[in-house]
Amino acid sequence: MFTPMTLDQARSLPFWRRPITLLFLMAIAMPIAFNTWSALLNNFVIEVANFDGADIGLLHTVREIPGFLAFLVIFLIIFIREQVLGLLSLALLGVATAVTAWFPTLQGILIITVLSSVGFHYFETVAQSLQLQWLTKERAPQMLGWLVATGSAATLVVYGIIVLLWEPLNLSYNAVYMAAGGFCAVVAIFCLFAVPQFDGPTPQNKKMVLRRRYWLYYALQFMAGARRQIFVVFAGFMMVERFGFEVHHLTSLYLINLLVNMVAAPLLGRVVSRFGERRTLICEYVGLTVVFALYGGIYWFGWGVVLAATLYVVDHILFALALALKTYFQKIADPADIAPTAVVAFTINHIAAVFLPVLLGLLWIVSPFAVFGLAACMALISLALSLMIPRHPEPGNETIFARLRAPAPAE
């Protein structure tokens, strides 16, 4: 069980113990815990802890600190195998989610959020690394799409239960958090002991890696992290604060997102394979610019809840196109750099996340329109960066400028 196996050796295992099955089990467990936490969060903190915009901004700033410290993973994998670290982190996420409702104060919510955030961010760092190591470049786009769709399907079941049973059974926050978090923890422990440990085809560098030729990937990750904060923190908060959504209303909106993702994510993986990362990311950032501008129009022009809900769904679909950023890096990377660069990228992705939520939370109190206007500007910057991706990225051709800098071959 604890003797590492190569991916070739793993082909002789029963299907339920193979690497791809482990990726899918993890893809099921994590979103059940994390998305349940997210679905109930805005109502929980407003109804139980009387949060305002500044408080929710502070909460998400604290939540992102472990993401900023994701570079510590590189030191942990010197002593702990990536696969083991990922499953331990997944178990921590599950346990912390399960006990969230036990701490209904600002201080308590902040503390338990830090613990769940450590589990989430360290798991995500390792999971992304394992996906890119275990999946071939040819299969990666579509398999990543299927992993997203699988997580959406699992979360759909949980959200369906919340929508259908929240009012009839008078469900409590504690009951739902305990069920979702407990399931995640049980799956993580099962995988830790029932699934063998696997070695990727290339040994990974176990030190910090910052390479000049990856600069565009780093820049895109930084902007992705900044934009994501506005969507994660304020889009759902807007639905509760401005339009008075209750738990089952907001969860119904999440259900629509999940249904769309189950169909769209595998198709988006095929889109990346067919049209390439450059075109896919350009489409994503053009769409996000329009969506964030229209979000601002809700406050500037007083547009209604139907448009807001529609934008929320479209926003969610566009963010699924971010899988193209993973495959872009996979194509340009030295195979031995995947684990350390996943760590560095996760830290870069969370630089803005540490200070943006609390600052934008204060700005939100003054002008929600300004918050979404800033997000539209960020999407435009990402669009400009995506135009620098070559049509066929590979080592030595990481940006459209790489060939221009390449030395001429000797005569």
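Predicted model, so just to flag it, every value in this text is computed and none were measured. (Residues numbered from 1 in each chain as written. Predicted model: local features only at pLDDT ≥ 70, side-chain atom pairs only at ≥ 80, totals over all residues. Heavy atoms only, no water.)

1. A look at the overall build of the protein
So, step 1. In terms of helices and strands, the protein carries 16 helices and 2 strands.
So, step 2. Whereas a compact globule of 411 residues would reach a radius of gyration of roughly 22 Å, the protein reaches 21 Å, a difference of no more than 12%.
So, step 3. Each of the three principal axes of the protein carries a C-alpha extent, and together these read 70 × 50 × 35 Å.
So, step 4. For the protein, with 411 residues in total, the buried portion stands at 57%.
So, step 5. Partitioning the contacts of the protein with sequence separation of at least 6, the portion at a separation of at least 24 is 87%. (Helix = DSSP H or I, 4+ residues; strand = E, 2+ residues; numbered from the N terminus. Rg over C-alpha atoms; globule rule 2.2 N^0.38 Å. Buried < 20%, exposed > 50% of the residue type's maximum accessible area, 1.4 Å probe, protein only. Contact = heavy atoms within 4.5 Å.)

2. Things to note about the environment of A265
So, step 1. Relative to the helices and strands, A265 resides in helix 10 (residues 247-300).
So, step 2. Residues A265 and V291, spaced 26 residues apart in sequence, show a C-alpha to C-alpha distance of 19 Å.
So, step 3. Look past the residues within four positions of A265 in its chain and what remains in contact with it is G145, V148 and A149.

3. Overview of the packing of aromatic side chains
Aromatic ring pairs: the centre-centre distance and the angle between the two ring planes describe each pair.
So, step 1. Taken as a whole and assessed by the stated rule, the structure comprises 17 aromatic pairs.
So, step 2. By the ring-pair criterion, three or more aromatic residues cluster together here, those being F292, Y295, Y299, W364 and F372.
So, step 3. A cation over an aromatic ring shows up here: R17 above the ring of W16, its NZ or CZ 5.7 Å from the ring centre.
So, step 4. The lysine or arginine in question, R242, covers the ring of Y299, its NZ or CZ lying 4.6 Å from the ring centre. (Phe/Tyr/Trp six-rings, centres within 6.5 Å; stacked < 30°, edge-to-face > 60°. Lys NZ or Arg CZ within 6 Å of the ring centre and 35° of its normal.)

4. Structural notes on the packing of helix 5 (residues 82-98) against helix 6 (residues 106-134)
So, step 1. At a minimum axis distance of 7 Å, the contact between helix 5 and helix 6 shows a crossing angle of 145°. Crossing handedness for the pair helix 5 and helix 6: left-handed.
So, step 2. Looking at the contact of helix 5 with helix 6 residue by residue, the classes come out as 14 nonpolar, 7 polar and 1 charged. (Axes fitted to C-alpha atoms, helices over the stretch in contact; angles between N-to-C directions. Left-handed = near helix turned anticlockwise from the far one by under 90°. Nonpolar A, V, L, I, M, F, W, Y, C, P; charged D, E, K, R; others polar.)

Honestly, it's all geometry; don't read function into it.
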